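# Inside the fold
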Amino acid sequence: MIHKVNVVLSTIAMAVLMCINPAINLFTRSHLYLIPVIMAGLWIGAYFVFLLLMWIFLAVVSATINTKKDYQKHSRFYGVLFSLLMENAAQLSSANITITGMEKLPKPSEGRFLFVSNHISIYDTFIQVGAFLKYPLAFISKPENFNIPIGHRYMTRCRYMAIDREDVRSGAKITKKAADMISSGDCCVGVYPEGTRNRTEETLLEFKHGCFKSAVWAKSPIVIGVVHNSNNIKNGFPFKRTKVHFEIVEVMPYEQFKDWSTVQISDYVKEKMLTRLQ
């Protein structure tokens, strides 16, 4: 999507240059070397104007969302806008993102799934929400994320769920709600089995087995994803682009794990992730 925007902005810059060409023709005739500079300036100017207008639009639209309401249906309109917002934020982080394995996913019309992934950076969700543009998706998130300006409104409307990691009852309630959201066909649910961002030298933290109950209760597939190198984005920002790879490793059909315990499912998923991360 962002690449298409770049093409549009380049076209706009060319059109503007053609429109003002008579005014600058005399100047550039004796300063031909400035033409590339002018072109670059027009493109950068158009890009930042576009970004400003887009963020103003997203902020205005977010004001229509009632953050006190418990929405019962995922909104495709707000979901797409939020995906574009997150994708744009990921691109602005100076990440050079490669996404593979999306062809393994069931088609959006074929039902919902539980998405699980490793978690090594604050940018992981930005990248993944942007990648799942075609799918209605709600993440299970920590309560602090619901204080993010503008973003928290879209999270509320897209049915993101806040979980208190210290409250066992809260965890069980959210797991059941996630299962209902998947089984009803309303939206897919994303969760990080490690329960928090991995800031250690270990490849993966211990998994919270209970999160897989959502897929068991919903009788839905489990989509296993991994993200590589997103934890190094902060080291290159803003001048160095960091190569980041997000891949779909495997899609587990319900029939594969319907007789397994959540511990067995958790161990299998963890092994699949480790195989790709090591």
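So, a few notes on the structure that sits alongside this text.

A cluster of nonpolar side chains, Val 49, Leu 52, Leu 53, Ile 56 and Val 60, forms an exposed patch at the surface whose accessible area comes to about 480 Å². Inspection of the secondary structure assignment puts Val 60 in helix α3 (residues 35-62). With relative accessibility at 54%, the residue Val 60 sits in the exposed group.

A word on the pattern of salt bridges. When the charged atoms of two side chains with opposite charge come close together, those side chains can pair. For the structure on display, the rule yields six salt bridges. The partner of Asp 70 in a salt bridge is Lys 177, with the nearest N and O atoms 3.6 Å apart. On the criterion of sequence distance, the pair formed by Asp 70 in the loop between α3 and α4 (76-92) and Lys 177 in helix α7 (residues 168-183) is long-range, its members being 107 residues apart. Using a relative accessible area of 29% as the deciding quantity, one classes Lys 177 as partly exposed. Between Asp 180 and Lys 176 there is a salt bridge, with the nearest N and O atoms lying 2.9 Å from each other. Here Asp 180 pairs with Lys 176, and both are found in helix α7, just four residues apart, close to one helical turn. Residue classification places Lys 176 among the partly exposed residues on the basis of a relative accessible area of 41%.

Attention now goes to the sheet that holds strand β5 (residues 188-191). What the seven strands build is an open sheet, ordered β1-β7-β6-β2-β5-β3-β4; its pairing is mixed. Every other strand in the sheet has two partners, leaving β1 (95-100) and β4 (161-162) as the edge strands with one partner each. Direction of pairing for β1 relative to strand β7 (residues 242-252): parallel, over a ladder of six bridges. Pairing of Ile 97 across the sheet is with Val 244, part of β7. The sheet strands contacting helix α5 (residues 123-131) are β1, β2 (114-117), β3 (137-141), β6 (222-228) and β7, and the helix crosses β7 at an angle near 60 degrees.

As a further point, take unusual backbone geometry. Of note, the phi angle at Lys 219 is positive, near 55 degrees, even though the residue is not glycine. Assignment of secondary structure puts Lys 219 in the loop between α8 (213-218) and β6. The backbone of Asn 229 shows a phi angle near 70 degrees, a positive value even though the residue is not glycine. Within the element layout of this structure, Asn 229 appears in the loop between β6 and α9 (233-236). Classification of Asn 229 as partly exposed rests on a relative accessible area of 29%.

Consecutive side chains along a regular strand alternate between the two faces of the sheet. Here β3 lies mainly inside the structure; five of its five residues are buried. Along β3, one buried face is formed by Leu 137, Phe 139 and Ser 141 and the opposite face, lined by Ala 138 and Ile 140, is buried too. Pairing between β3 and β5: three bridges, direction parallel. Bridged to Ala 138 within β5 is Val 189. Relative to β4, β3 runs parallel, the two sharing two bridges. Paired with Ile 140 across the bridge in β4 is Met 161.

Rules used throughout
- Residues numbered from 1 in each chain as written.
- Predicted model: local features only at pLDDT ≥ 70, side-chain atom pairs only at ≥ 80, totals over all residues.
- Heavy atoms only, no water.
- Patch = residues over 30% accessible without salt bridge, like charges linked within 9 Å, V, L, I, M, F, W, Y side chains within 5 Å.
- Areas by Shrake-Rupley, 256 points an atom, 1.4 Å probe, with all protein chains shown as cover.
- Salt bridge = Lys/Arg side-chain N within 4 Å of Asp/Glu carboxyl O.
- Helix = DSSP H or I, 4+ residues; strand = E, 2+ residues; numbered from the N terminus.
- Buried < 20%, exposed > 50% of the residue type's maximum accessible area, 1.4 Å probe, protein only.
- Pairing = 2+ DSSP bridges.
- Contact = heavy atoms within 4.5 Å.
- Axes fitted to C-alpha atoms, helices over the stretch in contact; angles between N-to-C directions.

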